[in-house]
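Observations on the three-dimensional arrangement
Residues per chain, in single letters:
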Amino acid sequence: MKHLLLSVAILAAASVPFSASAYDGTNCKEPGVCWEPKPGYPDKVAGSKYDPKHDVNELNKQAQSVKEMEERNQKRQQYFSKSGKFVYDVDEIPQ
C-alpha cells in the first residue's frame, strides 16, 4: 500500500513541471486573448468556403413562432377576460 501511494505521489509531482512548460504556440495580443486563426483562414468569412450561407427562412423561423405564440396567448387572454374560463387549446375557443 505504501509503495502504491508513493508511486502516485511521485507521478503527481513529476507531472507538474511538464504541464507548466507546455508550448502554446500563440502570439497573444494581451494576456488571455490568444486566439489565432489557422493558416489559410481568410480575413473575411463572407464569400469564402467558411461562409455558412444561412437561409433567411431558417433564420426567421424562431421570430415567426414567437409571433404566433403571442397571438395565441392574446386569444386565450381575451377569452379568459370575457368568460372567466381558461382554455389552453385555441381551437376550442368559440368564435
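Residues numbered from 1 in each chain as written. Predicted model: local features only at pLDDT ≥ 70, side-chain atom pairs only at ≥ 80, totals over all residues. Heavy atoms only, no water.

Quick word on the overall build of the chain
Scanning the chain from terminus to terminus reveals three helices and zero strands. Reading the secondary structure of the chain in the N-to-C direction produces α-α-α. For the chain, the proportion of its 95 residues judged to be buried stands at 6%. For the chain, the computed accessible surface area is about 9,100 Å², with 58% contributed by carbon and sulfur atoms. (Helix = DSSP H or I, 4+ residues; strand = E, 2+ residues; numbered from the N terminus. Buried < 20%, exposed > 50% of the residue type's maximum accessible area, 1.4 Å probe, protein only. Areas by Shrake-Rupley, 256 points an atom, 1.4 Å probe, with all protein chains shown as cover.)

So, the pattern of salt bridges
For the structure shown, the criterion picks out one salt bridge. Of the charged contacts in the structure, one is a salt bridge between Lys61 and Glu58, with a shortest N-O distance of 3.2 Å. For Glu58, a relative accessible area of 47% corresponds to the partly exposed category. (Salt bridge = Lys/Arg side-chain N within 4 Å of Asp/Glu carboxyl O.)

As for the packing of aromatic side chains
If you walk through the whole model with that rule in mind, you get one aromatic pair. Ring geometry for Tyr41 and Tyr50: centres 4.6 Å apart, planes at 45°, overall tilted. Looking at Tyr41, the relative accessible area reads 33%, which means it is partly exposed. According to the relative accessible area criterion, Tyr50 is partly exposed, its value standing at 37%. In this arrangement the basic side chain of Arg76 is found over the ring face of Tyr88, its NZ or CZ atom lying 4.6 Å from the centre. (Phe/Tyr/Trp six-rings, centres within 6.5 Å; stacked < 30°, edge-to-face > 60°. Lys NZ or Arg CZ within 6 Å of the ring centre and 35° of its normal.)

Considerations on the environment of Asp89
Its place among the elements puts Asp89 in the segment after α3 (61-83). Accessibility expressed as a relative area gives 35% for Asp89, which makes it partly exposed. Along the chain, Asp89 and Arg76 lie 13 residues apart, while their C-alpha atoms are 8.4 Å from each other.

Quick word on the side chain of Ser48
Residue placement: Ser48 occurs in the loop between α1 (2-20) and α2 (56-59). Of note is the side chain of Ser48, whose polar atom sits 2.7 Å from the backbone oxygen of Val45. Beyond its immediate chain neighbours, meaning those up to four positions away, Ser48 contacts Pro42 and Lys53. (Polar contact = N/O pair within 3.5 Å; in protein donor to acceptor, adjacent residues only side chain to side chain. Contact = heavy atoms within 4.5 Å.)

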